[in-house]
Amino acid sequence: MEQYPQALTIAGSDSDGSAGMQADLHTFFARKVYGASVMTACVAGNSYGIEASVTLPTEFIDKEFELLAADYQIRASKTGMLGNSELIRTIVKNYQLYDFGPLVVDPVIMTKHGNMLIEEEALATLKEELLPLAFVLTPNFYEAEKLTGIKLNTAKDFETAALILQKMGAKNVVIKGAHQDEKQTEVVDYLLLATGESHWLKAPYFKTERINGTGDSLSACIAAELAKGNDVLTAVKIAKEFVNKAIATELFIGHKFGPINHWAGSDFFKR
């Protein structure tokens, strides 16, 4: 029996719903894909910030993978923040064991402002063991710099960094443009496909504090579109447009750093 398109998020739970697994599932729903999840961690926080976190036992994560594989027909997957080497290796082991479709790796290692989110040991494990499994890799500006060791000052630097990431094993690479200049009018991302074809993807820049979950949602949308059978270029273009709409129409939830508006980015009621 051919089942409805299903996608998987392998990520942590964000209690305020703005990022992590919740943002991924919001995105899957908006793109008309059924979302399953492998929970790796839980964080306690709100729009002001995160105050506590816990990582789930690897035995429990193994069981999540096992039971999903025994029942569901997952066509594409994505990873979120994986905070330590043991957790990364658990994900790698299970993804090699089960067929959950092409993997979108969102290397959550640095914030949009350049702050580190994982330890150096875990970064090395991510580079050496997870990146080679990536069908699509979606680092932000600072993550691309950290992973490749080069500064992204020019268009040529983006192109060079993407090639380096491909040599690390990632088949298709999306490097997201920086958001640090208040005077900028657009955000430009660079896509390098496995074929060698490349594209610059532009969208208007919106100055807002309602951008939690932007990177999660972009990678989740790519995974959702791959689960539908779309090619990488189409999936990335749809994801870019989806996130741009979700940022452009602010959703006032919480008092400080709020979520993007997945309803605005959805075409759920249009088709």
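Position numbers for residues count from 1 along each chain, tracking the sequence in the order it is written. Local features in this predicted model are restricted to residues whose pLDDT is 70 or higher, and side-chain atom pairs enter the listing and the counts only when it is 80 or higher, whereas totals over whole chains, interfaces and linings include all residues. Values shown for side chains rest on all heavy atoms present in the structure; no hydrogens or waters enter the calculation.

Enquirer: What is the right way to look at the pattern of salt bridges in this model?
Expert: Where charged atoms from two side chains of opposite charge come close, those side chains can pair. Definition used for salt bridges: Asp or Glu carboxyl oxygen within 4 Å of a side-chain nitrogen of Lys or Arg. For the structure shown, the criterion picks out 11 salt bridges. The partner of Arg89 in a salt bridge is Glu129, and the shortest N-O contact between them spans 2.9 Å. Taken together, the residues span a long stretch of sequence, with Arg89 in helix H3 (residues 85–97) and Glu129 in helix H4 (residues 120–130) at a distance of 40 residues. For Glu129, a relative accessible area of 25% puts it in the partly exposed group. A single network of salt bridges, built from pairs that share partners, joins Arg31, Glu225 and Lys228. Numbering of helices and strands starts at the N terminus; helices are DSSP runs of H or I of at least 4 residues and strands are runs of E of at least 2. Only protein chains enter the calculation, and the probe is 1.4 Å; a residue is then buried if its accessible area is under 20% of its type maximum, exposed if over 50%, and partly exposed in between.

Enquirer: Can you walk me through the nonpolar core in this structure?
Expert: Considering soluble globular proteins, one finds that nonpolar side chains tend to be buried as a cluster. Nonpolar cores are built from buried Ala, Val, Leu, Ile, Met, Phe, Trp, Tyr and Cys residues. Side-chain atoms within 4.5 Å join them into one set. With 43 residues, the main nonpolar core has Leu8, Phe65, Leu130 and Ile175 as its most contacted residues. Ile175 has contacts with Pro139, Ala144, Leu152, Phe158, Ala161, Ala162, Leu165, Asp189 and Tyr190, leaving out every residue within four places of it along the chain. In this description, contact between two residues means that some pair of their heavy atoms is separated by no more than 4.5 Å.

Enquirer: Before we go on, may I ask you to explain the environment of Gln184 in this structure?
Expert: As for its placement among the helices and strands, Gln184 is situated in the loop between strand E7 (172–175) and strand E8 (186–192). A relative accessible area of 16% places Gln184 in the buried class. Linking Gln184 and Tyr98, residues 86 residues apart in sequence, is a C-alpha distance of 44 Å. In contact with Gln184, not counting residues within four places along its chain, are Ala178, His179 and Tyr205. Here a polar contact is recorded for every N or O atom pair within 3.5 Å, except that within protein the pair must consist of a potential hydrogen donor and a potential acceptor, and residues adjacent in sequence are included only if both atoms are side-chain atoms. Reaching out from Gln184, the side chain makes a polar contact with the backbone oxygen of Ala178 at a distance of 3.2 Å.

Enquirer: What is the right way to look at a nonpolar patch on the surface in this model?
Expert: Exposure above 30% relative accessible area and no salt bridge define the residues that can form patches, which grow by joining like charges within 9 Å and nonpolar side chains of Val, Leu, Ile, Met, Phe, Trp and Tyr within 5 Å. Residue-level accessible areas treat just the shown protein chains as cover; the underlying method is Shrake-Rupley with a 1.4 Å probe. On the surface, Tyr4, Tyr34 and Tyr72 cluster together to form a nonpolar patch covering roughly 330 Å² of accessible area. With respect to the helices, strands and loops of the structure, Tyr34 is situated in strand E2 (residues 34–46). Looking at Tyr34, the relative accessible area reads 43%, which means it is partly exposed.

Enquirer: Hey, could you run me through the packing of helix H7 (residues 214–228) against helix H8 (residues 232–248) in this one?
Expert: For any two helices packed against each other, one specifies the inter-axial angle together with the distance between the axes. To define axes, lines are fitted to C-alpha atoms, for helices over the stretch in contact only, and angles between the resulting N-to-C directions are given on a 0 to 180 degree scale. Between H7 and H8, whose axes approach to 8 Å, the crossing angle comes to 140°. Classified by the angle between their axes, H7 and H8 sit oblique to one another. Seen from above, H7 lies across H8 with right-handed handedness. Counted together, Thr214, Ser217, Leu218, Cys221, Ile222, Glu225 and Leu226 of H7 and Val232, Ala235, Val236, Ile238, Ala239, Lys240, Phe242, Val243 and Ile247 of H8 form the full contact between these two elements. In this classification, the charged set is Asp, Glu, Lys and Arg, the nonpolar set is Ala, Val, Leu, Ile, Met, Phe, Trp, Tyr, Cys and Pro, and all remaining amino acids, among them Gly, are polar. Broken down by class, the residue content of the contact of H7 with H8 amounts to 12 nonpolar, two polar and two charged. Roughly parallel means an angle under 35 degrees; roughly antiparallel, over 145; roughly perpendicular, 65 to 115; everything else is oblique. A clockwise turn of the near helix away from the far one marks a right-handed crossing, whereas an anticlockwise turn of less than a right angle marks a left-handed crossing.

Enquirer: Explain unusual backbone geometry to me, please; I cannot follow it from the model alone.
Expert: Working note: non-glycine residues mostly have negative phi, and peptide bonds are mostly trans. One non-glycine residue, Lys32, lies in positive phi territory at about 60°. For Lys32, the position within the fold is in the loop between helix H1 (20–30) and E2.

Enquirer: Mind showing me how you'd approach the side chain of Thr79 here?
Expert: Mapping Thr79 onto the fold places it in strand E4 (residues 74–79). Excluding anything up to four places from it in sequence, Thr79 contacts Ile10, Ile91, Leu103, Val104, Val105, Asp106 and Leu130.

Enquirer: Just checking my understanding: could you explain the packing of aromatic side chains for this structure?
Expert: Remark: the centre distance and the inter-plane angle together describe each pair of aromatic rings, the angle taken between the planes. In this analysis, rings of Phe, Tyr and Trp, with Trp reduced to its six-membered ring, are considered paired at centre separations within 6.5 Å, and the interplanar angle assigns stacked below 30 degrees, edge-to-face beyond 60, and tilted for intermediate values. With the rule as written, the count across this model stands at eight aromatic pairs. Judged by centre distance (6.5 Å) and plane angle (70°), the rings of Tyr95 and Phe100 are edge-to-face. In terms of burial, Tyr95 and Phe100 fall into one category: buried. Residues Phe141 and Phe158 carry aromatic rings whose centres are separated by 6.1 Å and whose planes lie at 50° to one another, so their mutual orientation is tilted. Of this pair, Phe141 sits in helix H5 (residues 141–148) while Phe158 is found in helix H6 (residues 155–167), placing the two residues 17 residues apart along the sequence. Residue Phe141 is classed as buried on the basis of its relative accessible area, which comes to 10%. Through pairs of rings, three or more aromatic residues link up here, namely Phe141, Tyr142, Phe158, Tyr190 and Trp200.

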